[in-house]
Amino acid sequence: MADILYHYCSTDALHAIMSTGKIRLSSMKLSNDHKEGQWIIDAVKRKYASGIPTPEISLILKYLTKCATDFSAMAFCLSEIPDLLSQWRGYADDGHGFCLGFSKAVLEKVCSDSFLDLSEITYMSINDEIVIDEYISNILNLVRDIDILLYLTEDEALNFFSSMETTYIDQLDDAREDIIEAFSTATDNFFKYKSPSFKEEKEWRIIYSDYGLNNLSFRPSRNRIIPYKEINIKKYRDIFSEIFIGPRNITPENVLADMVSSYGFSRPKIVRSSSTYR
C-alpha cells in the first residue's frame, strides 16, 4: 500500500497550492475522459441488455440513470507512481511542471476533517462480472434504504416495498437527509471505476459529491468552464513528503524547497526527475 500519493501539475498550479494553502477538487464530468462517471453504469446496462431484468434490477437501472443525469462529483486526482513519463506529458505541462508527493496519512486526516472520501480507483473491464455484481448488490441495498418514491409512481413503490414491514410513504419528509446522503454515496461511487486503458496511472481520488454544494468557484479552460471546490490544507504542515521536479523544469532544488517552507509547510524531500525527456 502506497504511503505517498502524487499529484502531477503545472508550475502555476504548484505555486497556487503553496501560496493559497488550498487544493482544488474539480468537476469530474468536465475532465478529459468523456466516460467519467459512466463506465460502471454502462457495464451494468450491458449486463442486462438482453433478457428481462427482475423488477428490482429495473429499478436499479432507473435509479442509476437518474443519478448519472442529475449529479456529478468533485475530485482531486492522485497517483501511486512518481516520475512517470506519460503523467508528466499529460498532466504536468508536458514535463515542465512538478509532481507533488502528498503524505497519504495526512491526506486521510484532511479527508476526515472535511468529510471527503479518499479512494483507490478500480480499473474494470466492461464485462467484469465480479465487480458488476458487487456494485449491483451495493446499489440494491442502497435503494432499499432510501426513499426511492421520488422517482416512482405510488403503485410502483408499493409493489417494490410490499415485502417490507413498513412502507416509506408516511416517512417521506423524514427521509430527505437520507436521500441526499444516498445520492452522494451513489454518485461518488460512479467516479471510482475506470477503463483498464488507464491502469498504468494507479489513480486515487479525493472525492466529494456536488449534489447540493454551495460556494462553488469556476475557472476557464480552453473549451469549457469548470466548477471546483477549494479545500484548505494550510494547517497540515507535513502534508508534502517529497516533490519531483519535471524533466523539462529548470528550477533549482534549493529554490523549490525554500518556496515551500516560505509558505509555512515543512521542507519536503526534493527529487529531480530521472527521465531524459527533453
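Residues numbered from 1 in each chain as written. Predicted model: local features only at pLDDT ≥ 70, side-chain atom pairs only at ≥ 80, totals over all residues. Heavy atoms only, no water.

## Digging into the overall build of the chain
Condition: For the purposes of this entry, the term helix denotes a DSSP run of H or I that reaches at least four residues, the term strand denotes a run of E that reaches at least two, and both are numbered from the N terminus. Whether a residue is buried, partly exposed or exposed follows from its accessible area with a 1.4 Å probe, protein chains only, as a fraction of its type maximum: under 20%, in between, or over 50%, in that order. Should any heavy atoms of two residues lie within 4.5 Å, those residues are counted as being in contact. Reported accessibility uses the Shrake-Rupley method at a 1.4 Å probe radius. Residues are deemed covered only where the shown protein chains occlude them.
Looking only at helices and strands, the chain features nine helices and twelve strands. Put simply, the chain has 278 residues, and 46% of those count as buried. Sequence-distant contacts, at least 24 apart, represent 82% of the contacts inside the chain between residues at least 6 apart. By element, 49% of the accessible surface of the chain is carried by carbon and sulfur atoms, the whole surface being about 14,300 Å².

## Things to note about the pattern of salt bridges
Quick reminder of the rule: A carboxyl oxygen of Asp or Glu within 4 Å of a side-chain nitrogen of Lys or Arg is what we treat as a salt bridge.
Scanning the model with the defined rule gives 14 salt bridges in all. Here Lys104 and Glu108 are joined by a salt bridge, their closest N and O atoms 2.8 Å apart. Separated by four residues within a single helix, Lys104 and Glu108 lie in helix H5 (residues 104-114), roughly one turn from each other. Overall, the relative accessible area of 11% leaves Lys104 in the buried class. Among the ionic pairs, Asp113 bridges to Lys109, the shortest N-O distance being 3.3 Å. Taken together, the residues Asp113 and Lys109, both in helix H5 and four residues apart, mark about one turn of the helix. On the accessibility criterion, Asp113 (31% relative accessible area) is partly exposed.

## Concerning the side chain of Ser79
Quick reminder of the rule: N or O atoms within 3.5 Å of each other form a polar contact, as long as, within protein, one can give a hydrogen and the other can take it, and as long as residues adjacent in sequence are counted only when both atoms are side-chain atoms.
Take Ser79: it is sitting in strand S3 (residues 73-79). Of note is the side chain of Ser79, whose polar atom sits 2.7 Å from the backbone oxygen of Glu201. Once residues lying within four places of it in the same chain are set aside, the contact partners of Ser79 are Ile4, Leu5, Tyr6, Tyr8, Gln87, Glu201, Lys202 and Glu203.

## A short note on unusual backbone geometry
Its identity is not glycine, yet Asp94 carries a phi of approximately 55°, on the positive side. Its place among the elements puts Asp94 in the loop between helix H4 (85-91) and strand S4 (98-103). Look at Lys202: it is not a glycine, yet its phi comes out positive at around 45°. Lys202 sits in the partly exposed class, given a relative accessible area of 40%.

## So, the nonpolar core
Heads up, the condition is: Nonpolar cores are built from buried Ala, Val, Leu, Ile, Met, Phe, Trp, Tyr and Cys residues. Side-chain atoms within 4.5 Å join them into one set.
The biggest cluster of nonpolar side chains holds 34 residues, and the ones touching the most others in it are Phe102, Ile206, Ile233 and Ile239. Setting aside residues no more than four positions away along its own chain, Ile239 makes contact with Gly101, Phe102, Ser103, Val106, Leu107, Val110, Ile233 and Phe265. Counting residues in hydrophobic clusters, the runner-up holds 28 residues, among them Ile60, Leu61, Phe71 and Phe191.

## Some remarks on the environment of Arg237
Following the sequence through the fold, Arg237 ends up in the loop between strand S10 (225-232) and strand S11 (240-245). The spacing of Arg237 and Phe265 is 28 residues in sequence and 4.4 Å in space, taken between C-alpha atoms. Apart from the residues lying within four places of it in its own chain, the contact partners of Arg237 are Gly264, Phe265 and Ser266.

Nothing here speaks to function; it is all geometry.
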